[in-house]
Amino acid sequence: MSDLLTTRKLVCPFCLEEITGSKLERKCSSCQRPTPALYLKDARDLEPMAVQAMGWSGHGKSVFLSALTLLLTRMQVVWEDYSWSPGSEETREAILDSNRRLESGLLPLPTNKGVDLPCLILLRGMDRFKGRALVYRDCAGEHFDTNSMPVEQVPFLLKAKTLFLIASPVDLAARRERPIDMLLNGFLNTLEEHGVDPSKDRRRLVVVLTKGDLIQDLPKPLHDYLVKDRVWRTLEEGTPDLRFDEPAIDRYLATMREVDRHLREWIERDAHGRHLVRLATQSGLDLCFSLVSATGGPVSGGDSESQLENRWEPRRVLDPLLWALSFNPPPKSRIFSTAPPELPRSSKQHGLIARWWEWLKDL
Ligand SMILES: Nc1nc2c(ncn2[C@@H]2O[C@H](COP(=O)(O)OP(=O)(O)OP(=O)(O)O)[C@@H](O)[C@H]2O)c(=O)[nH]1
Ligand SMILES: [Mg+2]
Ligand SMILES: [Zn+2]
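(A) Just the nonpolar core, in detail. Counting 88 residues, the largest nonpolar core has Phe64, Leu165, Val206, Val207 and Val208 as the members making the most contacts within it. Among the domains, domain 1 (1-35) and domain 2 (43-327) are the pair contributing at least three residues each to this core. Those residues in contact with Val206 that sit more than four places away from it in its chain are Thr162, Leu163, Phe164, Leu165, Cys288, Ser290, Pro320, Trp323 and Ala324.

Structure, rendered in structure tokens:
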């Protein structure tokens, strides 16, 4: 590890506060979590990217995040330089648990109130997106039941630049007392209460319409888009017939924008959906839509003993992450937090020091 570490601004990937103090302590003074050694080692290339999941209970937050995590542990098949590491013991456990569940066809259990473990995955070599320390927080849907959401229990609600609003259209239709725009109203109210203005301090709201496999009235282009996703199968078979290089990503993002347009039209047919779009736009949120099926197929049993009927085959679960990645482009260099040192004017040294500074920045 470079000694330069002591002079750079380093953000704790768990609470997003600046880590101060000696690198030897390797502990965040705000949240008291140990800073992962691999994060410290690669911090220069791993910009933290925080994502908060929100959504009513039972709409599929945990299943979606598990599917996304499973996918991220296999992306080496499609990204040539890709590698990943769990950034904490809890993340490692969560990944092992998801793998076990994948094998047995069991889905995650409902999330209990009070459980809010940040999941940190260090992602490297994602082609044009480079590296990120992805940290996401799942939590119990009950936390979103109030207009004033409990930020001490959902701390990324205020801090994360990307929010995944996870909603199942089928569940929205079945339980009409909890409409999607009410959720957004609660979020906006909570931001306002804590002095966060999303039109100035930009946030991307990715509306993840999940359980796509259950939606009967999907327009054909959307249905086709969902079922034609080949990513999971490619990763499972390990056959590199799909590449996510720069041109392929460009094409993929263009298609995602097209799908976003269709989804927007589709959701706006409903009064609550239309209101969601209006509220998000008026408040300055950067709004985009994804359609996913985290399981890829039907599920049997109740919420507490959900079992997949077929093999797990997540569809389009990467899309929300790509929305997040494209909202947070990697900075050129983040090695120093402070401005360059004051340079002596019109001296011979000036050019030398400037070159030295440029060289250091690019280290
Ligand atoms: N068919 C289908 N069912 C799904 C899908 N995703 C989730 N489910 C079902 O929805 C149930 C609830 O999903 P969870 O991910 O646990 O929901 P949650 O939003 O985390 O709920 P809380 O933890 O209570 O807030 C699961 O047990 C599955 O039965 C999907 O993509 N397709
Ligand atoms: Mg859950
Ligand atoms: Zn911290």
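(B) Just the sheet that holds strand S1 (residues 47-54), in detail. Pairing in this open sheet of seven strands is mixed, and the strands run S2-S3-S4-S1-S5-S6-S7 from one edge to the other. Two strands bound the open sheet, and with one partner strand each, they are strand S2 (83-86) and strand S7 (286-291). Each strand of the sheet is rotated relative to its neighbour by a mean of 25°, with strand direction disregarded. Seen against the sheet, helix H2 (residues 61-72) touches S1, S2, strand S3 (119-124), strand S4 (132-137), strand S5 (162-167) and strand S6 (204-209) and runs at an angle of roughly 30° to S3.

(C) Broad picture of the confidence of the model for the chain. With 85% of its residues at a pLDDT of 70 or more, the chain has an overall mean of 85. Counted against residues more than four places away or in other chains, residues 1-7, with its pLDDT under 50, gives eight contacts. Below pLDDT 50 for its whole length, residues 333-363 participates in 21 contacts with residues either more than four positions away or in separate chains.

(D) Region of the structure containing helix H10 (residues 271-282). Taking 1.5 Å of rise per residue, twelve residues should cover 16 Å, and H10 covers 16 Å from first to last C-alpha, within 8% of that figure. Next to the buried residues of H10 lie helix H6 (180-193), S6, helix H9 (246-267) and S7. A positive backbone phi angle near 85° is found at Gly284, which sits one or two residues after H10.

(E) Inspection of the pairing of S1 at higher detail. Buried residues dominate S1, accounting for seven of its eight residues. Relative to S4, S1 runs parallel, the two being bridged by six bridges. By the bridge assignment, Gln52 is partnered in S4 with Arg137. Here S1 runs beside S5; their pairing, made up of four bridges, is parallel.

(F) Highlighting the site of ligand 1. Near ligand 1 lie 25 residues; those nearest to it are Lys61, Ser62, Thr111, Gly141 and Ser306. Ranked by residue count, the leading element in the shell around ligand 1 is H2, at three residues. In the shell around ligand 1, the residues fall into nine nonpolar, twelve polar and four charged.

(G) Looking closely at the packing of H6 against H10. Viewed as axis vectors pointing N to C, H6 and H10 meet at an angle of 25°, and their least axial separation amounts to 8 Å. On the basis of the axis angle, H6 is roughly parallel to H10. Facing Ile180, Asp181, Leu184, Asn185 and Leu188 of H6, the residues of H10 in contact are His272, Gly273, His275, Leu276, Leu279 and Ala280. Grouping the amino acids of the contact of H6 with H10 by side-chain chemistry returns six nonpolar, four polar and one charged.

Definitions and limits used
- Residues numbered from 1 in each chain as written.
- Chains lettered and ligands numbered in written order.
- Predicted model: local features only at pLDDT ≥ 70, side-chain atom pairs only at ≥ 80, totals over all residues.
- Core = buried A, V, L, I, M, F, W, Y, C linked by C-beta atoms within 7 Å.
- Buried ≥ 20, exposed ≤ 12 C-beta atoms within 10 Å, placed from the backbone.
- Domains from an automatic or database assignment.
- Contact = placed C-beta atoms within 7 Å.
- Pairing = 2+ DSSP bridges.
- Helix = DSSP H or I, 4+ residues; strand = E, 2+ residues; numbered from the N terminus.
- Axes fitted to C-alpha atoms, helices over the stretch in contact; angles between N-to-C directions.
- pLDDT = per-residue confidence, 0-100.
- Expected span 1.5 Å × (residues − 1).
- Near = placed C-beta within 6 Å.
- Nonpolar A, V, L, I, M, F, W, Y, C, P; charged D, E, K, R; others polar.
- Parallel < 35°, antiparallel > 145°, perpendicular 65-115°, else oblique.

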